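Chain and residue survey
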Amino acid sequence: MNTGVKITAFAAALAATFGAAYGVGKGVGPVDEPAKAAHGEHAAANADGAKTEGGDGHAGHEEGAADAPAAGGLQVSEGGYTLAMETPKPTRGKSVLTFSIKDSAGKKVTAYTTEHGKELHFIVASRDLTVYRHLHPVRAADGTWSTPVDLPAAGGYKAFADFKPAGKNAKGVTLGVDLSVPGAYAPQPLPAAARTATVDGYQVALGGTLDPGKAGELKLTVSKDGKPVDDLEPYLGAYGHLVALRDGDLAYLHVHPNEGGPGPDVSFTATAPSAGSYRLFLDFQHGGKVRTAAFTVHAGQATAGADEASHDAGGHTHG
């Protein structure tokens, strides 16, 4: 595998079979490091419990796996771990979320395997998939995590914690929990499918085919002012990060990419488990700032044939 930056793609996404399994594509090697083990082939923790994982995948994802684990984020407890929210009803606007990961004995977990520069990855999305927050919480010594968040509207949200506990043979886990912001709730319709998204002056074009039960290529092309962006910057050790959430149950998956460089194209091989609607969130960094381009995709339709309109990727930020 080439050195360079791995274009990883959170969750919880379309290279997956949600009801049974998901797979991932082959990606670019990590920056200035030799090729690492495939996803899931993680090293054991050191004597202190904290292990830095140099591999190129998120919790529990194996490259090229034909029979991969089930989609994540559909359960608050899984594999002996529970996502315990201390602030299940955050306020509208700016607030602080606190939570912990508890083991089967009810104790807060304090030792994790570091992946993509973080011990734990945390995402919050609104139930109508119009708000998306990729946050970076801080862990206290007792295992309590906290992160500021800005939720613009009342209503239902879902939080996802993606992590791998430290320890030999530990497996990655993605847990999900419902949140509720008090107030009058006016859910928005799922944004229409479109093959381009505009965010902060950047245009991202989505091409390719997404077919239920059949692998297909999704290619995202980043440009600005009509010129291709071919110098994307590393973000969490990668040139890009893609999360997909399924409309309805918000099943969470990561999609991992094919070989490629720092733009303008990033390519992913994806398989949809069934016909339906999915929301894709592509994080990319350029000019020292992370931006998110969002797309609605209907499985079974070529994205090139989607609505020509360009959609503004408002409502998506990073913590």
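Structure first, text after, so check above.
Residues numbered from 1 in each chain as written. Predicted model: local features only at pLDDT ≥ 70, side-chain atom pairs only at ≥ 80, totals over all residues. Heavy atoms only, no water.

**Things to note about the overall build of the chain**
If you tally the helices and strands in the chain, you get zero helices and 24 strands. Looking at the chain residue by residue over its 319 residues, the buried ones come to 52%. About 12500 Å² of surface is accessible on the chain, with carbon and sulfur atoms providing 50% of the total. (Helix = DSSP H or I, 4+ residues; strand = E, 2+ residues; numbered from the N terminus. Buried < 20%, exposed > 50% of the residue type's maximum accessible area, 1.4 Å probe, protein only. Areas by Shrake-Rupley, 256 points an atom, 1.4 Å probe, with all protein chains shown as cover.)

**Comments concerning unusual backbone geometry**
Pro264 follows Gly263 through a cis peptide bond whose omega is 0°. Looking at the element boundaries, Pro264 is found in the loop between β19 (252-254) and β20 (265-270). Phi at Leu129 is positive, roughly 65°, even though this residue is not glycine. Along the chain, Leu129 turns up in the loop between β8 (120-126) and β9 (132-135). In the Ramachandran plot, Asp200 falls in the positive-phi region, its phi being about 55° despite a non-glycine side chain. Relative to the assigned elements, Asp200 resides in the loop between β14 (194-199) and β15 (202-208).

**Re the sheet that holds strand β5 (residues 81-85)**
The strand order across the open sheet built from five strands is β4-β5-β6-β11-β10, with neighbouring strands paired in antiparallel fashion. At either margin of the open sheet sits one strand with a lone partner, and together these are β4 (77-78) and β10 (138-139). Summarising the sheet, β5 and strand β6 (residues 93-102) pair through four bridges and their orientation is antiparallel. Across the sheet, the residue bridging to Leu83 is Ile101, located in β6. (Pairing = 2+ DSSP bridges.)

**Observations regarding the pattern of salt bridges**
Should the charged atoms of two oppositely charged side chains come close, the side chains can pair. The full count for this structure, using the stated rule, is seven salt bridges. Across the salt bridge formed by Asp178 and Arg127, the nearest N and O atoms sit 2.6 Å from each other. With Asp178 in strand β13 (residues 173-181) and Arg127 in the loop between β8 and β9, this residue pair connects regions lying 51 residues apart in the sequence. Accessibility expressed as a relative area gives 46% for Asp178, which makes it partly exposed. Under the relative-accessibility criterion, Arg127 is labelled partly exposed at 27%. Between Asp200 and Lys289 there is a salt bridge whose closest N-O contact spans 3.3 Å. Of this pair, Asp200 sits in the loop between β14 and β15 while Lys289 sits in strand β22 (residues 289-299), and the two are 89 residues apart along the sequence. Assessed through its relative accessible area of 43%, Lys289 is described here as partly exposed. (Salt bridge = Lys/Arg side-chain N within 4 Å of Asp/Glu carboxyl O.)

**Remarks on the packing of aromatic side chains**
The relative placement of two aromatic rings is captured by the distance of their centres and the angle of their planes. In the structure shown here, the tally under the stated rule is eight aromatic pairs. On the numbers, 4.3 Å between centres and 10° between planes, the contact of Phe99 with Phe122 is stacked. Separated by 23 residues along the polypeptide, Phe99 in strand β6 and Phe122 in strand β8 bring together distant segments of the chain. For the pair Phe160 and Tyr252, a centre-to-centre distance of 4.7 Å together with 25° between the ring planes defines the contact as stacked. In this pair, Phe160 is assigned in strand β12 (residues 155-163) and Tyr252 in strand β19, connecting sequence segments 92 residues apart. Through pairs of rings, three or more aromatic residues link up here, namely Tyr81, Phe99, Tyr112, Phe122, Trp145 and Phe163. The ring of Trp145 has Arg139 lying over it, and the distance from NZ or CZ to the ring centre is 6.0 Å. (Phe/Tyr/Trp six-rings, centres within 6.5 Å; stacked < 30°, edge-to-face > 60°. Lys NZ or Arg CZ within 6 Å of the ring centre and 35° of its normal.)

**Details of the nonpolar core**
Core analysis: the largest hydrophobic core is formed by 26 residues, its most contacted members being Val204, Leu210, Leu220, Leu280, Phe284 and Phe295. Judged by nonpolar contacts, the second largest core, of 25 residues, contains Val109, Trp145, Ala154 and Val177. (Core = buried A, V, L, I, M, F, W, Y, C linked by side-chain atoms within 4.5 Å.)

**As for the side chain of His286**
Note on placement: His286 falls in strand β21 (residues 276-286). Here the side chain of His286 touches Tyr202 through a polar contact of 2.7 Å, side chain to side chain. Those residues within four positions of His286 in sequence are excluded, and the remaining contacts are Tyr202, Val229, Asp231, Leu232, Glu233 and Arg291. (Polar contact = N/O pair within 3.5 Å; in protein donor to acceptor, adjacent residues only side chain to side chain. Contact = heavy atoms within 4.5 Å.)

**A short note on the environment of Tyr81**
Residue placement: Tyr81 occurs in strand β5. Here the alpha-carbon distance between Tyr81 and Leu175, two residues 94 residues apart in the chain, equals 8.4 Å. Dropping the residues within four chain positions of it, Tyr81 is found in contact with Val76, Ile101, Lys102, Asp103, Val109, Phe163, Pro165, Val173 and Leu175.

These figures capture arrangement, not role.
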